[in-house]
Amino acid sequence: MDAAALRPTFFELFAAERLTPGVKGALLYALSVAAQRRPRALAPVLEWGDEAYLLLALVLEGTSLASADGTFAEGLYALRRAPAHRKGSLSRRQRAVCLLWLCVLPYLRDKMAASAARRRQAADLEAFGLDGVLQRDDDGVALDAAAAAANAEGEEDALTAERRRDAA
């Protein structure tokens, strides 16, 4: 087999790159649906959904890197990571760097983006004199529009009700 036949196609690289965000969205959606059925057990997990996904991704990607020298997505498309300067498998340090780039840095990027979006929203409301419109729950966390409306009507969503039961 020649070297050109072993190279991945653009489609394989693109599909492997796009798989992880789709898995995260699907997992968080499935978790939110399950939390509606069992709020007592799954509401805390849903509240920490990003961290739960980070833990799952670290385990999944770490196992894939250790066993197949590739990520989970790369394994689905029969792709493999190889060291640039020597033959053989990835070293332990290279696997750790891969996990950092694949799991930890995207997690930190998403958390910083969410924090910046919340600050930008609060600054926009304050600039228009509507900072009183942004309602906060007991912990000082800004509520979304649906939760704020339910809160104004005296209703509670499942997560807020669960927090109140746990606090009592």
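Here goes a summary of the coordinates provided. (Residues numbered from 1 in each chain as written. Predicted model: local features only at pLDDT ≥ 70, side-chain atom pairs only at ≥ 80, totals over all residues. Heavy atoms only, no water.)

### Side note on the overall build of the protein chain
For the protein chain, the helix and strand inventory stands at 8 helices and 0 strands. Counting from the amino terminus, helix and strand elements in the protein chain follow one another as α-α-α-α-α-α-α-α. Considering the protein chain as a whole, with its 168 residues, one finds that 21% of them fall into the buried category. Residue pairs at least 24 apart in sequence account for 48% of intrachain contacts in the protein chain once pairs closer than 6 positions are excluded. (Helix = DSSP H or I, 4+ residues; strand = E, 2+ residues; numbered from the N terminus. Buried < 20%, exposed > 50% of the residue type's maximum accessible area, 1.4 Å probe, protein only. Contact = heavy atoms within 4.5 Å.)

### Observations concerning the environment of L99
Position of L99 relative to the elements: it lies in helix α6 (residues 92-127). Counting along the chain gives 41 residues from L99 to L58, while the straight-line C-alpha distance between them is 6.8 Å. Non-local contacts of L99, meaning those with residues more than four positions away in its chain, are made with L58, E61, G62, L65 and V104.

### Considerations on the environment of E61
Take E61: it is sitting in helix α4 (residues 49-68). The class for E61 is buried, based on a relative accessible area of 8%. Among all residues touching E61, those that are not within four sequence positions of it are T20, T71, F72, L99 and C103. Polar contacts involving the side chain of E61 include one to the main-chain amide nitrogen of F72, which spans 2.9 Å. (Polar contact = N/O pair within 3.5 Å; in protein donor to acceptor, adjacent residues only side chain to side chain.)

### Thoughts on a nonpolar patch on the surface
Among the surface-exposed residues, V97, L100, W101, L105, L108 and M112 lie close enough to one another that they form a single nonpolar patch of about 580 Å² accessible area. Note that W101 resides in helix α6. When its relative accessible area of 59% is taken as the criterion, W101 is described as exposed. (Patch = residues over 30% accessible without salt bridge, like charges linked within 9 Å, V, L, I, M, F, W, Y side chains within 5 Å. Areas by Shrake-Rupley, 256 points an atom, 1.4 Å probe, with all protein chains shown as cover. Salt bridge = Lys/Arg side-chain N within 4 Å of Asp/Glu carboxyl O.)

### A closer look at α6
A rise of 1.5 Å per residue sets the reference length of α6, with its 36 residues, at 52 Å; its end C-alpha atoms lie 51 Å apart and thus fit the reference within 8%. The largest bend along α6 reaches roughly 35° and is located at L100. Considered for burial, the residues of α6 that qualify are C98, L99, C103, P106, Y107, S115 and L125. If you follow the buried residues of α6, they end up packed against α4. (Expected span 1.5 Å × (residues − 1). Bend = angle between axes of the 7 residues up to and from the residue.)

### Side note on the packing of aromatic side chains
Aromatic rings in a pair are described by how distant their centres are and how their planes are angled relative to each other. Going through the model one piece at a time under the given rule, you end up with 1 aromatic pair. Residues F10 and F14 carry aromatic rings whose centres are separated by 5.9 Å and whose planes lie at 20° to one another, so their mutual orientation is stacked. On the criterion of helical spacing, the pair formed by F10 and F14 is a turn pair, its members being 4 residues apart in helix α2 (residues 10-37). On the basis of relative accessibility, which here comes to 45%, the residue F14 falls in the partly exposed class. (Phe/Tyr/Trp six-rings, centres within 6.5 Å; stacked < 30°, edge-to-face > 60°.)

### Let's talk about the nonpolar core
In terms of nonpolar packing, the biggest core is built from 9 residues, these being Y53, L54, A57, L65, L90, C98, L99, C103 and Y107. Looking at this core, the elements with two or more residues in it are α4 and α6. Ignoring anything within four residues of it in the chain, the contact list for A57 reads G62 and C103. (Core = buried A, V, L, I, M, F, W, Y, C linked by side-chain atoms within 4.5 Å.)

### Quick word on the packing of α2 against α4
Two elements in contact, α2 and α4, have axes separated by 11 Å at closest approach and are oriented at 130°. Classed by the angle they form, the pair α2 and α4 counts as oblique. Handedness of the crossing formed by α2 with α4: right-handed. In this structure, α2 uses T20, V23, K24, L27 and L28 to contact α4, whose residues at the interface are G49, D50, Y53, L56 and E61. Across the contact of α2 with α4, the residue classes break down as 5 nonpolar, 2 polar and 3 charged. (Axes fitted to C-alpha atoms, helices over the stretch in contact; angles between N-to-C directions. Parallel < 35°, antiparallel > 145°, perpendicular 65-115°, else oblique. Left-handed = near helix turned anticlockwise from the far one by under 90°. Nonpolar A, V, L, I, M, F, W, Y, C, P; charged D, E, K, R; others polar.)

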